Amino acid sequence: MLWKFHSGRIVRTIQNGVNIIPLIGKADSISKTELQQFKRKLITELVSNGIQIYQFPTDDEVVSQINTIMNGHLPFAVVGSTEVVKIGNKMVKARQYPWGIVQVENENHCDFVKLREMLICTNMEDLIEQTHTRHYELYRRCRLQEMGFRDTDPENKPVSLQEAYEAKRRKFYLELQRREEETRQKFVQRVKEKEAVLKEAEQRIQAKFEHLMLVHQEEKLKLEKKRKALEEEIALFNMKKANAELLQTQPMVSTPVSLKRDKDRKNSSFT
């Protein structure tokens, strides 16, 4: 059947996580004889596929008898409806057909009332407990095992999960410290390498600066020598200029004296 290859695989996957209660929907579509045969066939397929369904507990004396009877009714055949039909003086949810009316809450028509009573009224606490103690614990155990926690030691002796957790926590803490120290060492090494590179660059800049200072001093000395030579040339030029001006002024002074002497000579000759 198609159910074996698809639905069966899905149910096998989820049976470890939830309580499985098999239901037959649209139970009004087959006769009661066919329904009983289908129930037996469905139970046989569940067993042959290794699917564990939820069994109502029979260890409690209060509900033992009713749960035993209800386990014999599994899987429940239910009918659903959103239509409200008036039957007598009551309005009930039902399916109305040309041949009759199928009431949702009539135990002679389907198992909906049995299902509701078993889940909500009789076995609610057991369902919650089963979900917590079986399915959740199984899920938690699998998750812890995936994370590296084991409830047995290498010698297959039982170990509490608290001890396993503490051991894993210490191992993780030591590994964290090792990685932190390794990261710190890498950081220190990189800082040292960076400092060495910066120091080398600083030395190159300092050497270049000293070279430029030396070149600057040499250029300054050359300019100082040129300045002194230029000052000497300027002084010599000024001296030559002064001498030249002095020579130019001397004839202009001697000419009146010579004229006076000539005049005196003429006067003496006349007398």
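Heads up: these notes are all about the structure in this document. None of these values were measured; they are calculated from a predicted model.

### Some details on the overall build of the protein chain
A count of helices and strands for the protein chain gives seven helices and five strands. Secondary structure elements in the protein chain, listed N-terminal to C-terminal, are α-α-β-α-α-β-β-β-β-α-α-α. The buried share among the 271 residues of the protein chain stands at 19%. Within the protein chain, counting contacts between residues at least 6 apart in sequence, those at least 24 apart form 53% of the total. When the accessible surface of the protein chain is summed, it comes to about 22,000 Å², and 57% of that surface belongs to carbon and sulfur atoms.

### Thoughts on the pairing of strand β5 (residues 100-103)
In this structure, strand β4 (residues 90-97) lies alongside β5, joined through four bridges in antiparallel fashion. Looking at β5, one finds that Arg-95 is bridged to Val-102. Count of turn residues in the β4/β5 antiparallel hairpin: two residues.

### Section: the pairing of β4
Relative to β4, strand β3 (residues 84-87) runs antiparallel, the two being bridged by four bridges. Looking at β4, one finds that Val-84 is bridged to Lys-93. Remark: two residues form the turn of the hairpin made by β3 and β4, two consecutive strands paired antiparallel; Gly-88 in that turn has positive phi of roughly 65 degrees.

### A look at the packing of aromatic side chains
Taken as a whole, this structure holds three aromatic pairs when the rule is applied. Arranged with centres 5.6 Å apart and planes meeting at 85 degrees, the rings of Tyr-54 and Phe-56 form a pair that is edge-to-face. The two residues Tyr-54 and Phe-56 agree in class, both being buried. The interplanar angle of 35 degrees and the centroid separation of 6.1 Å between the aromatic rings of Phe-56 and Phe-76 together place this pair among those described as tilted.

### Things to note about the nonpolar core
With 23 residues, the main nonpolar core has Ile-21, Phe-56, Leu-74 and Phe-76 as its most contacted residues. Here the element with the most residues in this core is helix α3 (residues 32-48); it accounts for three residues. Residues within four places of Phe-76 in sequence aside, it is in contact with Ile-21, Pro-22, Leu-23, Ile-24, Phe-56, Met-70, Asp-111, Lys-114, Leu-115 and Met-118.

### A short note on the sheet that holds β5
Backbone hydrogen bonds hold the strands of a sheet together, and the pairing may be parallel or antiparallel. In spatial order, the strands read β3-β4-β5; together these three strands make up an open sheet with antiparallel pairing. With one partner strand each, in any of the chains shown, β3 and β5 form the two edges of the open sheet. Across the sheet, the mean angle from the axis of one strand to that of its neighbour is 65 degrees, orientation sign disregarded.

### Let's talk about the pattern of salt bridges
Counted by the stated rule, this structure contains 13 salt bridges. With its nearest N and O atoms 3.1 Å apart, the salt bridge here joins Glu-182 to Arg-178. Taken together, the residues span about one helical turn, with Glu-182 and Arg-178 both in helix α7 (residues 161-270) at a distance of four residues. Under the relative-accessibility criterion, Arg-178 is labelled partly exposed at 45%. Taken together, the shared-partner salt bridges connect Glu-175, Arg-178, Arg-179, Glu-182 and Lys-186 into one network.

### Quick notes on α3
Compared with an ideal rise of 1.5 Å per residue, which puts 17 residues at 24 Å, α3 spans 24 Å between its outermost C-alpha atoms and is within 8% of the ideal. Turning to α3, its buried residues number three or more, namely Leu-35, Lys-39, Leu-42, Glu-45 and Leu-46. Buried residues of α3, seen end-on, are gathered within an arc of 135 degrees and therefore sit on one face of the element. Residues of α3 that are exposed and angled more than 90 degrees away from the buried face: Thr-33, Arg-40, Thr-44, Val-47 and Ser-48. Gly-50 sits one or two positions beyond α3 and adopts a positive phi of about 70 degrees.

### A word on unusual backbone geometry
A cis amide bond links Leu-74 to the next residue, Pro-75, at an omega of -10 degrees. Structurally, Pro-75 is set in the loop between α4 (64-71) and β2 (76-77). The phi torsion at Lys-26 lies on the positive side, around 50 degrees, for a residue other than glycine. Its place among the elements puts Lys-26 in the loop between β1 (23-24) and α3.

What counts and how
- Residues numbered from 1 in each chain as written.
- Predicted model: local features only at pLDDT ≥ 70, side-chain atom pairs only at ≥ 80, totals over all residues.
- Heavy atoms only, no water.
- Helix = DSSP H or I, 4+ residues; strand = E, 2+ residues; numbered from the N terminus.
- Buried < 20%, exposed > 50% of the residue type's maximum accessible area, 1.4 Å probe, protein only.
- Contact = heavy atoms within 4.5 Å.
- Areas by Shrake-Rupley, 256 points an atom, 1.4 Å probe, with all protein chains shown as cover.
- Pairing = 2+ DSSP bridges.
- Phe/Tyr/Trp six-rings, centres within 6.5 Å; stacked < 30°, edge-to-face > 60°.
- Core = buried A, V, L, I, M, F, W, Y, C linked by side-chain atoms within 4.5 Å.
- Axes fitted to C-alpha atoms, helices over the stretch in contact; angles between N-to-C directions.
- Salt bridge = Lys/Arg side-chain N within 4 Å of Asp/Glu carboxyl O.
- Expected span 1.5 Å × (residues − 1).
- Arc of directions from axis to C-beta.

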